[in-house]
Amino acid sequence: MKLLDLIKQNGEWLAPGGPKSEVVISSRVRLARNLEGFAFMSKAGRAQRADLHRLCRQRLLALPAEQPLFYVDFEQTDDIDRQLLVERHLISKQHAAGEGSRGVAVSIDEAVSIMVNEEDHLRFQVLRSGLRLRECWQQAEALDHLAQEQFNYAYSERLGYLTACPTNVGTGLRVSVMLHLPALKLTGEIEKIVRAAKDTHLAIRGLFGEGTEAIGDFYQISNQTTLGRSEEEILGEFNDALTPGIIKAELAARAQLEQERPLALDDRIGRAIGVLRHARLLSTEETLYFLSHLRLGVAMGRITGLELETINRLFLQIQPAHLQRLLGRPLDGEARKAARAELVRQILAVKPP
Amino acid sequence: MKKCDRCHRPATVHMTEISEGKAMELHLCDQCAAAAGYVQQAHIPVNEILNQLLQAKSRSGEAEPLRCPECGMSWREFKDTGLLGCAKDYEVFAAQLQGVIESTQQGATHHTGKPKGGRAEASSAVALRQTELNRLRKELSRAVQKECYEEAAKLRDQIKAMENAPEPSVGPGPQPTGAA
Ligand SMILES: [Zn+2]
Ligand SMILES: [Zn+2]
């Protein structure tokens, strides 16, 4: 498996037919683990980093995991390769930008990735399309259980799994869902949701763009506390109470738009189609903005002849590293805008809406 | 206006701490109360809480030459990065970390999830007990804040009783399920 092969596939988390896919793009579970007897990364010298990396890589690849894993050693990659992994949600931005001996193990279907030498020695991630946190958790837990036979985790009876940052201590569990909330944004109710999420000790942030301003109306919500509650409690709250509540609010907002402002709604969608099918230069931000409205139109059945899957693929491929790998050459700002517009035109022209 | 017991700022948090059956009055400013883990600041992102706590600690000006014997981490260094140097730091800096952990973890002090070497349990005896303890501790701090001292004392006794009760079997190996 080579990195280049990845761009041809859609990635598990963009697969069609995930539960509640009209609102929930993907579900993710992450477990932070460290190895007893090795300093955390901030105090790990060059030699220890290299040793740890070698050890983790070897043992991870030997795990009898459901799906074979392949390994990407970051000292043998360039910036674009690592950016590609960020765009595919297989590694964090920090891991891409980090230094020294490090890497990631990825399952062939991209549902599983295990970062080595990020903030913690090991970070297991399971990512799936739609609202499927329990499935993600079961897979992550099984993997963690297999890994426990290979690694002696740093653990305390009182504080649980010990992590480099005390905000992850305990379960080391971070669960998150990526949501598309264009109707709540259009009706202005998104502020209420953001406030409510914060009151419940959840972190909410825009998926693209920095800070809370979300480009393309994508939001990621995750738990903030990892100590004092069991994994089941953390998951249950998220999967059974919180996310369904937000989905319901988004769907109600969509129904409201459809009933009260159908013309304004179709105008938004129509403008998006117009720009995306005819523009010759498109920036990432602009494309995300219009793709969001296009996705809303498809999800609500106001446009036919287009699949959510096609739009999901576009979200991935219009990003800088994907674009450059697809075209097989590095592109500067203006050339990238032109290439992006061309790609979008081609894909949307196949079946004119 | 009363001044904070620990620094010069005006006190905004007034409470009575019950320890060993004696009530002790405490007056603290926001920062010192947060640093001591008495107040939860739900609306502030974790990083800000951490920074506030760390700044409050550094303003108090105590010289802390303490270093981890294994990795050499000092408290000052942790303040700068928010990252610990090794697992041992959780013991070395246990006292300082307590406030940081409690305020970033909604007052939780104990792990109740998957045990090392075991499987995650939806409802193991240990997990249930810890969850209940955490709930009582949270209620206690709420009662103290609302100055409901009778209720606080009752909660305090309940917590003590639970803490002193024999532990449901905890071991490094896999947890047996079923009968406790
Ligand atoms: Zn003070
Ligand atoms: Zn240390």
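Residues numbered from 1 in each chain as written. Chains lettered and ligands numbered in written order. Predicted model: local features only at pLDDT ≥ 70, side-chain atom pairs only at ≥ 80, totals over all residues. Heavy atoms only, no water.

### Structural notes on the overall build of chain B
Part 1: A count of helical and extended segments in chain B gives seven helices and two strands.
Part 2: Taken from the N to the C terminus, the helices and strands of chain B come in the order β-β-α-α-α-α-α-α-α.
Part 3: Counted over contacts in chain B with a minimum sequence separation of 6, partners at least 24 positions apart contribute 40%.
Part 4: Summed over its atoms, the accessible surface of chain B is roughly 10000 Å², and 51% of this surface lies on carbon and sulfur atoms. (Helix = DSSP H or I, 4+ residues; strand = E, 2+ residues; numbered from the N terminus. Contact = heavy atoms within 4.5 Å. Areas by Shrake-Rupley, 256 points an atom, 1.4 Å probe, with all protein chains shown as cover.)

### Concerning the pairing of strand β2 (residues 69-73) of chain A
Residues and elements named next belong to chain A.
Part 1: Of all five residues in β2, five are buried; the element is thus mostly enclosed.
Part 2: Alternating residues of β2 divide into L69, Y71 and D73 and F70 and V72, and every residue in both groups is buried.
Part 3: Relative to strand β3 (residues 103-107), β2 runs antiparallel, the two sharing five bridges. Note on β3: the bridge partner recorded for V72 is V104. (Buried < 20%, exposed > 50% of the residue type's maximum accessible area, 1.4 Å probe, protein only. Pairing = 2+ DSSP bridges.)

### As for the coordination of the zinc ion (ligand 2)
Residue and element names in this part refer to chain B.
Part 1: Every protein donor of the zinc ion (ligand 2) is listed here as C68 (SG), C71 (SG), C86 (SG) and D89 (OD), and their distances to the metal cover 1.9 to 2.3 Å.
Part 2: Around the zinc ion (ligand 2) sit four donor atoms, and with donor-metal-donor angles ranging over 95 to 115° the site reads as tetrahedral.
Part 3: By relative accessible area, which is 17% here, C71 ends up buried.
Part 4: Since its relative accessible area comes to 0%, D89 is described here as buried. (Donors = N, O, S within 2.8 Å, 3.2 Å for Na, K, Ca; no water. Tetrahedral: all angles 85-135°; square planar, octahedral: opposite > 155°, others 65-115°.)

### Some words on the packing of aromatic side chains
Residues and elements named next belong to chain A.
Part 1: Tallied over the entire structure, the rule returns six aromatic pairs over all chains.
Part 2: Measuring from centroid to centroid gives 6.0 Å for Y153 and Y161, while their planes differ by 80°, and the two rings are edge-to-face. Assigned by exposure class, Y153 and Y161 land together as buried.
Part 3: With a centroid separation of 4.8 Å and 85° between ring planes, the pair formed by F218 and F315 is classed as edge-to-face. One end of the pair, F218, is in strand β10 (residues 218-223); the other, F315, is in helix α11 (residues 308-317), with 97 residues separating them in the sequence. Of the two residues examined, F218 and F315, each falls in the buried class.
Part 4: Members of the aromatic cluster, joined through ring pairs, are Y153, Y155 and Y161.
Part 5: Above the face of the Y153 ring, R33 is positioned so that its terminal group lies 5.5 Å from the ring centre.
Part 6: Taking NZ or CZ as reference, R33 lies 3.6 Å from the ring centre of Y161, over its face. (Phe/Tyr/Trp six-rings, centres within 6.5 Å; stacked < 30°, edge-to-face > 60°. Lys NZ or Arg CZ within 6 Å of the ring centre and 35° of its normal.)

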